[in-house]
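Survey of secondary and tertiary structure
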Amino acid sequence: MKIGIMGVGGFMGRMIAKQVHQTEGAIIAGGTVLKGSAEEGVEISKLSGFDGDTPKTTSDAMPVFADADVVIDFTSPEATVAHAKLAATSGTAFVVGTTGLTPEQEAELAQAAKHIPLVYAPNMSLGVNLLFDLVKKVAAALDESFDIEIVEMHHRRKVDAPSGTALGLGKAAAAGRGVTLEEKGVLSREGVTGPRESGQIGFATLRGGDVVGDHTVIFAGPNERIELTHKAASREIFASGAVRAAIWAAGREPGLYAMPDVLGL
């Protein structure tokens, strides 16, 4: 299985490269970095800190798509959308772990998925995807006397807020309630906001240190509270999930898939 990696010079990209190298039956087909960066033209194995014969990085994505069976992307929303179009053109399966996409950008991924198998997931860990399912079931079981609040914390370098995983949890809670997050989501609060409206799904975002990712969904009701929490100890769980998704996606029928499909949930 030949796997390409967009943004292989980034922290997640390097970790994915290591995971591909350690996965039996998988090889690195190529990887991209920013044009003119210090990482351009460097062997991926050297860049990622392991021994092995691998291609050199490139700033040209198209040859990577042409050579790969499947490509993994953890870059930026704008780059991911451009890469999705390349994937559709080349007929290459595509796995997206990028967060912070707008609804319009997500629609671009859905358009590409008409031509290729495309796995799009805000979080690729087994535990978080189980949490999505649990949140939906709990939200469906409880009425609006239970207020839903989502608290997330990540490292200081994370650029989007709330996290893609937090938004995914919000969408799961909304689906359980039979509403949409666009209708009921409150992504931040400040000033004199007045009393909390019934049925809202609130968010609180924390940033600091080197926290990999903590997410808690709180169901706060009369005289009792239920909290569902996931804490990531290492980004390896995301890299492992991405490679698992890549192997699963290659050769599938065109369509927009999610991690529950990959994990059989």
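Here's what I pulled together on the structure shown here.

Conventions and cut-offs
Residues numbered from 1 in each chain as written. Predicted model: local features only at pLDDT ≥ 70, side-chain atom pairs only at ≥ 80, totals over all residues. Heavy atoms only, no water. 1 Å grid on protein atoms, 1.4 Å probe; cavity = no way out; pocket = protein on both sides within 12 Å on 5 of 7 lines; lining within 4 Å. Points joined across faces, edges and corners; volume = space filled by probe spheres on them. Nonpolar A, V, L, I, M, F, W, Y, C, P; charged D, E, K, R; others polar. Helix = DSSP H or I, 4+ residues; strand = E, 2+ residues; numbered from the N terminus. Contact = heavy atoms within 4.5 Å. Salt bridge = Lys/Arg side-chain N within 4 Å of Asp/Glu carboxyl O. Buried < 20%, exposed > 50% of the residue type's maximum accessible area, 1.4 Å probe, protein only. Expected span 1.5 Å × (residues − 1). Arc of directions from axis to C-beta. Pairing = 2+ DSSP bridges. Axes fitted to C-alpha atoms, helices over the stretch in contact; angles between N-to-C directions. Phe/Tyr/Trp six-rings, centres within 6.5 Å; stacked < 30°, edge-to-face > 60°. Core = buried A, V, L, I, M, F, W, Y, C linked by side-chain atoms within 4.5 Å.

This paragraph deals with the layout of surface pockets. The gaps of empty space that remain are located by a probe, the size of a water molecule, rolled over the atoms. Looking at the largest pocket, its volume works out to about 1100 Å³. In this structure, the largest pocket is lined by 44 residues; those nearest its centre are F11, M12, F74, T75 and S76. Looking at the lining of the largest pocket residue by residue, the class counts come to 16 nonpolar, 22 polar and six charged. In this structure, the second largest pocket encloses a volume near 820 Å³.

Time to look at the side chain of T23. Topologically, T23 is positioned in the loop between α1 (11-22) and β2 (27-31). In contact with T23, not counting residues within four places along its chain, are V243 and I247.

Tallying each qualifying case throughout the model produces nine salt bridges. Ionic pairing is found between E149 and R189, a salt bridge with its closest N-O pair at 2.9 Å. Here R189 lies in the loop between β7 (185-186) and β8 (201-207) and E149 lies in strand β6 (residues 147-154), a separation of 40 residues in the sequence. Judged by relative accessible area, E149 falls into the buried class, the value being 19%.

Its 14 residues give helix α4 (residues 77-90) an end-to-end C-alpha distance of 20 Å, which sits within 8% of 20 Å, the value for a rise of 1.5 Å per residue. For α4, the set of buried residues is P77, T80, V81, H83, A84 and A87. Along the axis of α4, the buried positions cluster into a sector of 165°, meaning they face one direction only. Turned more than 90 degrees away from the buried face of α4, the exposed residues are E78 and T89.

With that out of the way, let us pick up the sheet that holds β2. Spatially, six strands are ordered β2-β1-β3-β4-β5-β11 in an open sheet, and the strand pairing comes out parallel. The sheet is open, and its two edges are formed by β2 and β11 (255-257), each paired on a single side. Neighbour-to-neighbour, the strand axes of the sheet open up by a mean angle of 20°, direction not taken into account. α4 contacts β1 (2-6), β3 (70-73) and β4 (93-96) of the sheet and is inclined by roughly 165° relative to β4. Packed onto the sheet, helix α5 (residues 103-112) meets β4, β5 (117-120) and β11 and runs at close to 150° relative to β5.

Locating I44 in the fold gives a position in helix α2 (residues 44-48). The spatial distance from the C-alpha of I44 to the C-alpha of F203 is 38 Å, given a sequence separation of 159 residues. What I44 contacts, discounting residues up to four positions off in sequence, is V8, A17, I28, G30, G31, F50, T54, P55, K56 and T57.

On to the packing of aromatic side chains. According to the stated counting rule, one finds two aromatic pairs in the structure shown. Taking the centre distance of 5.8 Å and the plane angle of 50° together, the rings of F65 and F94 count as tilted. Here F94 lies in strand β4 and F65 lies in helix α3 (residues 61-67), a separation of 29 residues in the sequence. Of the residues examined, F65 reaches a relative accessible area of 1% and is grouped as buried.

On to the nonpolar core, then. By size, the foremost hydrophobic cluster in this structure holds 35 residues, and its most contacted members are I3, I16, V20, I72, V95, V119 and M259. Residue assignment for this core shows that the elements contributing at least two residues are β1, α1, α2, β3, β4, α9 (236-249) and α10 (259-263). The element that contributes the greatest number of residues to this core is α9, accounting for eight residues. Setting aside residues no more than four positions away along its own chain, I16 makes contact with I5, I72, F74, A239, A242 and V243. Listed in part, the 21 residues of the second largest apolar core include V138, L142, I150 and F219.

From the geometry alone we can't say anything about function, so treat these as descriptive.
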